[in-house]
Amino acid sequence: MANIKSAKKRILVNRTKAARNKSIRSAVKTSIKKVETAVENKDKAAAEAALKEAISTISKATSKGVYHKNNCARKVSRLTKAVNSIG
């Protein structure tokens, strides 16, 4: 355990940020799963609605610094491609 006051504060701040990041990542994963489920069921309308929500969630995570912008772009691109593949 840290003895220095600034080190104690860093531990607390890091815990808070880790919890926030974990929550945001979880929300992104959930939104991605919703899109993938709709694509598997070949439900174009539901997939497009879920995709819109997922893009929003992923973009928010990127703007908060949880994901790198290229990681965000890759996720969005893959989801969009999957939705567009529905006949």
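Whatever comes next refers back to the structure up there.
About the cut-offs
- Residues numbered from 1 in each chain as written.
- Predicted model: local features only at pLDDT ≥ 70, side-chain atom pairs only at ≥ 80, totals over all residues.
- Heavy atoms only, no water.
- Helix = DSSP H or I, 4+ residues; strand = E, 2+ residues; numbered from the N terminus.
- Rg over C-alpha atoms; globule rule 2.2 N^0.38 Å.
- Buried < 20%, exposed > 50% of the residue type's maximum accessible area, 1.4 Å probe, protein only.
- Contact = heavy atoms within 4.5 Å.
- Areas by Shrake-Rupley, 256 points an atom, 1.4 Å probe, with all protein chains shown as cover.
- Salt bridge = Lys/Arg side-chain N within 4 Å of Asp/Glu carboxyl O.
- Core = buried A, V, L, I, M, F, W, Y, C linked by side-chain atoms within 4.5 Å.
- Axes fitted to C-alpha atoms, helices over the stretch in contact; angles between N-to-C directions.
- Parallel < 35°, antiparallel > 145°, perpendicular 65-115°, else oblique.
- Left-handed = near helix turned anticlockwise from the far one by under 90°.
- Nonpolar A, V, L, I, M, F, W, Y, C, P; charged D, E, K, R; others polar.

Peer 1: Teacher, can you tell me more about the overall build of the protein here?
Peer 2: Summing up its helical and strand segments, the protein has 3 helices and 0 strands in all. When the helices and strands of the protein are placed in sequence order, the string is α-α-α. For a compact globule of 87 residues, the expected C-alpha radius of gyration is about 12 Å, and the protein comes in at 17 Å, more than 25% above that figure. For the protein, the spread of C-alpha atoms along the principal axes amounts to about 60 × 20 × 15 Å. Per-residue burial for the protein yields a buried fraction of 29% across its 87 residues. In the protein, the proportion of contacts linking residues at least 24 apart, taken out of those at least 6 apart, comes to 60%. Working note: accessible area of the protein is about 6,400 Å², and carbon and sulfur atoms make up 54% of it.

Peer 1: Could you clarify how one ought to interpret the environment of alanine 54 in this entry?
Peer 2: One can find alanine 54 in helix α2 (residues 44-63). Accessibility expressed as a relative area gives 0% for alanine 54, which makes it buried. On a C-alpha basis, the gap between alanine 54 and lysine 34 in space is 8.3 Å, while along the polypeptide they are 20 residues apart.

Peer 1: Explanation requested: the pattern of salt bridges in the structure shown.
Peer 2: Two side chains that carry opposite charge are able to pair once their charged atoms sit near each other. Within this structure, the stated rule accounts for 1 salt bridge. Residues glutamate 48 and lysine 44 are paired through a salt bridge, measuring 3.9 Å at the closest nitrogen-oxygen approach. Of this pair, glutamate 48 and lysine 44 both sit in helix α2, 4 residues apart, which is roughly one turn of that helix. Given the relative accessible area of 29%, lysine 44 is considered partly exposed.

Peer 1: For this particular structure, what's the right way to read the nonpolar core?
Peer 2: One recurring pattern in soluble globular proteins is that nonpolar side chains are buried together. Counting 19 residues, the largest nonpolar core has Val35, Ile58 and Leu79 as the members making the most contacts within it. When contributions to this core are tallied by element, the ones reaching two or more residues are α1 (5-40), α2 and α3 (69-84). If we skip the residues at most four places from it in the chain, isoleucine 58 touches Val28, Ile32, Cys72, Lys75, Val76 and Leu79.

Peer 1: Could you clarify how one ought to interpret the packing of α1 against α3 in this entry?
Peer 2: Any two packed helices are characterised by how steeply their axes cross, that is the angle between the axes, and by the distance between the axes. In contact at an axis separation of 10 Å, α1 and α3 are set at 20° when each is read in the N-to-C sense. In terms of orientation, α1 lies roughly parallel with respect to α3. Regarding α1 and α3, the two cross each other, and that crossing is left-handed. For the pair α1 and α3, the contacting residues are Ile32, Val35, Glu36 and Val39 in the first and Lys75, Leu79, Ala82 and Val83 in the second. Across the contact of α1 with α3, the residue classes tally to 6 nonpolar, no polar and 2 charged.

Peer 1: How do you make sense of unusual backbone geometry when you look at a structure like this?
Peer 2: Trans is the common state for peptide bonds, and a negative phi is the common state for residues other than glycine. The backbone phi angle of lysine 42 is positive, close to 55°, even though this residue is not glycine. Assignment of secondary structure puts lysine 42 in the loop between α1 and α2.

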